[in-house]
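So you can see what is in the structure, the chains are spelled out below.
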Amino acid sequence: LKKAYVWLELGNSLKAWDYADFELEEDELERLAELKYLRLYLEDRKKFDLLYQAAMRSMESGELQEAKTELSKVLEVLPHNSDARYLLGLVHYNLGNRQEALGLWKEVMEETPLFLTLNFEARLARLACLREEGRSQEMKEEYKELEDHL
């Protein structure tokens, strides 16, 4: 089980799954709940990783509708994943769905701490999109909010 956690921390849920698959000894029954939780998480993480990788391939090959579908599935598996939400915003932006992109990036900003790069990238994406949309007052307000945090 320890090796499973190590692989999970290293970001390789597939390897973690390999090490989480074992038989419990009689004296380890109290760890059963922990193991069940870990297995459920790893199953979801495995699905997430496969879908996320497929979405990235679709984005790289310019198949934005496919990427949108895959990222939506990613968020069904792990609904609070800000990376997937940010990328889905980029896909919507490139498909011309500016309002949807702005909403997704706003959620990323609300879900992630300000010091994370992803939060900053979502803020910049929103500012650029607001500028393109001609929504200068909103853009100024968001810029001021960002300035106040720095």
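Residues numbered from 1 in each chain as written. Predicted model: local features only at pLDDT ≥ 70, side-chain atom pairs only at ≥ 80, totals over all residues. Heavy atoms only, no water.

**A word on the pattern of salt bridges**
Taken as a whole and assessed by the stated rule, the structure comprises 7 salt bridges. Note that Arg-85 and Glu-111 form a salt bridge whose closest N and O atoms lie 3.4 Å from each other. Taken together, the residues span a long stretch of sequence, with Arg-85 in helix 5 (residues 82-94) and Glu-111 in helix 6 (residues 98-111) at a distance of 26 residues. For Arg-85, a relative accessible area of 8% gives the class buried. Classification of Glu-111 by relative accessible area gives partly exposed; the value is 34%. The partner of Glu-133 in a salt bridge is Arg-98, with the nearest N and O atoms 4.0 Å apart. (Salt bridge = Lys/Arg side-chain N within 4 Å of Asp/Glu carboxyl O. Helix = DSSP H or I, 4+ residues; strand = E, 2+ residues; numbered from the N terminus. Buried < 20%, exposed > 50% of the residue type's maximum accessible area, 1.4 Å probe, protein only.)

**Regarding helix 4 (residues 64-77)**
Taking 1.5 Å of rise per residue, 14 residues should cover 20 Å, and helix 4 covers 20 Å from first to last C-alpha, within 8% of that figure. Taken together, the buried positions of helix 4 are Ala-67, Glu-70, Leu-71, Val-74, Leu-75 and Val-77. Along the axis of helix 4, the buried residues cluster in a sector spanning 150°; they form a single face. (Expected span 1.5 Å × (residues − 1). Arc of directions from axis to C-beta.)

**With respect to the confidence of the model for the protein**
Close inspection of predicted coordinates is inappropriate in any region flagged by low pLDDT. Averaged over the protein, the pLDDT score is 83; the fraction of residues at 70 or greater is 80%. Helix 2 (residues 13-20) is the least confidently modelled element of the protein, averaging 68 in pLDDT, while helix 6 averages 95, the highest of any element. (pLDDT = per-residue confidence, 0-100.)

**Details of the packing of aromatic side chains**
Applying the stated criterion across every chain yields a total of 3 aromatic pairs. Where Phe-48 meets Tyr-52, the ring centres are 5.4 Å apart and the plane angle is 25°; that geometry is what we call stacked. Of the two residues, Phe-48 and Tyr-52 are both situated in helix 3 (residues 32-60); the distance of 4 residues between them amounts to about one turn of the helix. Between Tyr-86 and Trp-105, the aromatic rings sit 6.4 Å apart at their centres with planes inclined by 40°, giving tilted as the arrangement. Here Tyr-86, found in helix 5, pairs with Trp-105, found in helix 6; they are 19 residues apart in sequence, far enough to count as distant. Residue Trp-105 is classed as buried on the basis of its relative accessible area, which comes to 1%. Here the guanidinium or amino end of Arg-98 rests over the ring plane of Tyr-93, the centre of that ring lying 4.0 Å away. (Phe/Tyr/Trp six-rings, centres within 6.5 Å; stacked < 30°, edge-to-face > 60°. Lys NZ or Arg CZ within 6 Å of the ring centre and 35° of its normal.)

**Some remarks on the side chain of Asn-81**
By the element assignment, Asn-81 lies in the loop between helix 4 and helix 5. The buried category is assigned to Asn-81, whose relative accessible area is 15%. Polar side-chain contacts of Asn-81 include one of 3.2 Å to the backbone nitrogen of Asp-83. Apart from the residues within four sequence positions on either side, Asn-81 is in contact with Phe-48 and Leu-75. (Polar contact = N/O pair within 3.5 Å; in protein donor to acceptor, adjacent residues only side chain to side chain. Contact = heavy atoms within 4.5 Å.)

**Details of the nonpolar core**
A general feature of soluble globular proteins is that nonpolar side chains tend to end up buried together. In this structure, Leu-71, Tyr-86, Trp-105 and Ala-122 are the most contacted members of the largest nonpolar core, which totals 25 residues. Contributing elements (two or more residues each) for this core: helix 3, helix 4, helix 5, helix 6 and helix 7 (117-132). Beyond its immediate stretch of four places on either side in the chain, Tyr-86 contacts Trp-105, Val-108, Leu-118, Glu-121, Ala-122 and Ala-125. (Core = buried A, V, L, I, M, F, W, Y, C linked by side-chain atoms within 4.5 Å.)

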